[in-house]
Amino acid sequence: MQVLNVAVTSLNSLGTILIIGMMALVCADVLSRNLLGSSLPGVIELTELGIVSIVYLQIADTYKSSKLMRSDGIITIIQDRFPRISMIINALFDATGVVLFYYIAKGAQKRFSEAWDGGYYLGNQGSFTAPTWPMELIVAIGSCLLCLLFFASVLKNIAQLFGIDPRGTTNHRSTSD
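The following refers to the structure shown. (Residues numbered from 1 in each chain as written. Predicted model: local features only at pLDDT ≥ 70, side-chain atom pairs only at ≥ 80, totals over all residues. Heavy atoms only, no water.)

Let's talk about the overall build of the chain
Part 1 of the argument: Helix and strand content of the chain: 5 helices and 2 strands.
Part 2 of the argument: Taking 2.2 N^0.38 as the reference for a compact globule, 177 residues should give roughly 16 Å; the C-alpha atoms of the chain span a radius of gyration of 21 Å, well beyond that estimate.
Part 3 of the argument: Expressed as lengths along the three principal axes of its C-alpha atoms, the size of the chain is roughly 70 × 35 × 30 Å.
Part 4 of the argument: A burial count over the chain gives 32% of its 177 residues as buried.
Part 5 of the argument: Surface summary for the chain: the accessible area is close to 11,400 Å², and the carbon and sulfur share equals 64%.
Part 6 of the argument: When the 12 positive and 12 negative side-chain charges of the chain are each reduced to one mean point, those points stand 9 Å apart. (Helix = DSSP H or I, 4+ residues; strand = E, 2+ residues; numbered from the N terminus. Rg over C-alpha atoms; globule rule 2.2 N^0.38 Å. Buried < 20%, exposed > 50% of the residue type's maximum accessible area, 1.4 Å probe, protein only. Areas by Shrake-Rupley, 256 points an atom, 1.4 Å probe, with all protein chains shown as cover. Lys, Arg positive; Asp, Glu negative; His and termini not counted. Charge placed at Lys NZ, Arg CZ, Asp CG, Glu CD.)

Rendered as structure tokens:
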């Protein structure tokens, strides 16, 4: 789990660095438009690739920090009255996340291979082009990492459902449904 945490933190930090770089690029473009009367080539293309990359670089940390958007009002009410049912619902939610991000990662891996082999670029040849494979690779890695986090959460919820402490000790508490 420690390796997973390091990977999550590293990708999140890389995403933050990319945000700072994009801010600098956009500011430089604005200055260029106002001072020189023309925009910098490639800003739109790099921003397109950058935004998608940032989402997938930081989505695992968003989930790990419990800040991934989800409607949990009903689960919170159920959790107070029926904690075991809440654990089942959370495990099902997380299992859905495993399946969803598995397929996103699988599709991104295919797109990465196609972009790498085919030399796919975004932009206009002769003006500015940027390869798309780095973004596709980031989508695949970010999706795989989030899939692993969802899977770890499924295991944690199932362990708690059976009264097992996720660290390996048995928890003999009584819960009523």
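The rest of the description comes next.
Things to note about the side chain of Ser53
Part 1 of the argument: Structurally, Ser53 is set in helix α2 (residues 43-64).
Part 2 of the argument: Given the relative accessible area of 5%, Ser53 is considered buried.
Part 3 of the argument: For Ser53, the contacting residues outside a window of four places in its chain are Leu18, Met135 and Ile138. (Contact = heavy atoms within 4.5 Å.)

Here's the deal with the packing of helix α1 (residues 2-36) against α2
Part 1 of the argument: The contact between α1 and α2 brings their axes to 8 Å, and the two run at 150 degrees. As summarised for this structure, α1 and α2 are arranged roughly antiparallel, according to the angle between their axes. Every pair of crossing elements has a handedness; the one defined by α1 and α2 is left-handed.
Part 2 of the argument: In the contact of α1 with α2, the residues fall into 14 nonpolar, 9 polar and 3 charged. (Axes fitted to C-alpha atoms, helices over the stretch in contact; angles between N-to-C directions. Parallel < 35°, antiparallel > 145°, perpendicular 65-115°, else oblique. Left-handed = near helix turned anticlockwise from the far one by under 90°. Nonpolar A, V, L, I, M, F, W, Y, C, P; charged D, E, K, R; others polar.)

A look at the nonpolar core
Part 1 of the argument: Ranked by size, the top nonpolar core spans 22 residues in total, and within it Phe101, Leu145, Leu146, Leu149 and Phe150 carry the most contacts.
Part 2 of the argument: Contributing elements (two or more residues each) for this core: α1, α2, α4 (83-118) and α5 (133-161).
Part 3 of the argument: Considering each element in turn, this core owes the most residues, 9 residues, to α5.
Part 4 of the argument: Residues contacting Leu145, with those up to four places away along its chain left out, are Leu4, Ala7, Val8, Leu11 and Ala60. (Core = buried A, V, L, I, M, F, W, Y, C linked by side-chain atoms within 4.5 Å.)

Some words on the environment of Asp61
Part 1 of the argument: Relative to the helices and strands, Asp61 is located in helix α2.
Part 2 of the argument: When its relative accessible area of 18% is taken as the criterion, Asp61 is described as buried.
Part 3 of the argument: Here Asp61 is in contact with Val8 and Asn12, once residues within four sequence places are set aside.

So, α2
Part 1 of the argument: With 22 residues, α2 ought to run about 32 Å at 1.5 Å a step, and its terminal C-alpha atoms sit 32 Å apart, in line with that.
Part 2 of the argument: Gln58 marks where α2 bends most, by close to 40 degrees.
Part 3 of the argument: Positive backbone phi, at 60 degrees, marks Ser66, one or two positions downstream of α2. (Expected span 1.5 Å × (residues − 1). Bend = angle between axes of the 7 residues up to and from the residue.)

Concerning the state of the cysteines
Part 1 of the argument: Applying the stated criterion across every chain yields a total of 0 disulfides.
Part 2 of the argument: Lacking any disulfide linkage, Cys147 is separated from the closest cysteine sulfur, that of Cys144, by 6.9 Å.
Part 3 of the argument: Taking the relative accessible area as the measure of exposure, Cys147 reaches 14% and is therefore buried. (Disulfide = S-S within 2.5 Å.)

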